[in-house]
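Listed here are the chains, written in short residue letters.
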Amino acid sequence: MRRAYIINTNRANRPGGETERDMLQNEKCSAYYSPWKEKIQHIQPNDLVFLYRNKKGIIARGIASGVVEIADYLDKDGLHEDEEYYMNLNRFERLSKPVSSTTINDIVGSQIVLAPTLVQLDYERGLKIWQAITKEYL
């Protein structure tokens, strides 16, 4: 069964935005360090994925490839082996303006807590967000 995921770009925890920049440039979703990185393994082929920036909203979207890849992560403290789990996203698109958390809640008709690294939604709610983005945010 298809699902939808909202993935936090980790900008708040990685000042300078290097993780978000990497996701946008490489058209992927990522998570770093346990227990967060393992959450990427829940995403299946053709799931809808939205990239979310704290205090801004959804900034990009794509469709999951279903293939989890593992990479080393380099930050100011050095190289951390196998600390990034990521998945490439097909049909990747950056939005012309972010979809705010308030608007996301209005679209799906319920309150979604967007603080976690990964938020799972049923496909129907994800499809509503996808459709709203297509109509108003590209």
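Residues numbered from 1 in each chain as written. Predicted model: local features only at pLDDT ≥ 70, side-chain atom pairs only at ≥ 80, totals over all residues. Heavy atoms only, no water.

### Focus on the sheet that holds strand β2 (residues 28-32)
Within the open sheet, the six strands sit side by side as β2-β5-β4-β3-β1-β6. Their pairing is mixed. Strands with a single pairing partner mark the edges of an open sheet, and in this sheet they are β2 and β6 (118-122). Ignoring which end each strand starts from, the neighbouring axes of this sheet average 35° apart. Helix α2 (residues 101-108) contacts β1 (3-8), β3 (48-53), β4 (57-75) and β5 (78-99) of the sheet and is inclined by roughly 70° relative to β5. (Pairing = 2+ DSSP bridges. Helix = DSSP H or I, 4+ residues; strand = E, 2+ residues; numbered from the N terminus. Axes fitted to C-alpha atoms, helices over the stretch in contact; angles between N-to-C directions. Contact = heavy atoms within 4.5 Å.)

### A few points about the packing of aromatic side chains
Applying the stated criterion to the full structure yields three aromatic pairs. Where Tyr33 meets Tyr73, the ring centres are 6.0 Å apart and the plane angle is 85°; that geometry is what we call edge-to-face. Highlighted residues: Tyr33 in the loop between β2 and β3 and Tyr73 in strand β4, separated in sequence by 40 residues. Residue Tyr33 shares its accessibility class with Tyr73, and that shared class is buried. Grouped by ring-pair contacts, the aromatic residues Tyr32, Tyr33 and Tyr73 constitute a single cluster. (Phe/Tyr/Trp six-rings, centres within 6.5 Å; stacked < 30°, edge-to-face > 60°. Buried < 20%, exposed > 50% of the residue type's maximum accessible area, 1.4 Å probe, protein only.)

### Remarks on the environment of Tyr33
With relative accessibility at 18%, the residue Tyr33 sits in the buried group. The sequence separation of Tyr33 and Leu48 amounts to 15 residues, and the corresponding C-alpha distance is 23 Å. Engagement of the side chain of Tyr33 in a polar contact is seen with the side chain of His80, the distance being 3.5 Å. (Polar contact = N/O pair within 3.5 Å; in protein donor to acceptor, adjacent residues only side chain to side chain.)

### Quick word on the pattern of salt bridges
Where charged atoms of side chains with opposite charge meet at close range, the side chains can pair. Scanning the entire structure with this criterion turns up six salt bridges. Where Lys28 meets Asp22, a salt bridge forms, and the shortest distance between an N and an O atom there is 2.8 Å. You can call Asp22 partly exposed: its relative accessible area is 22%. Ionic pairing is found between Glu93 and Arg61, a salt bridge with its closest N-O pair at 2.7 Å. Here Glu93 is found in strand β5, whereas its partner Arg61 is found in strand β4, with 32 residues between them in sequence. A residue is classified by how much of its surface remains accessible, and Glu93, at 28% relative accessible area, is partly exposed. Each of Asp22, Lys28 and Glu84 takes part in one network of salt bridges that share partners. (Salt bridge = Lys/Arg side-chain N within 4 Å of Asp/Glu carboxyl O.)

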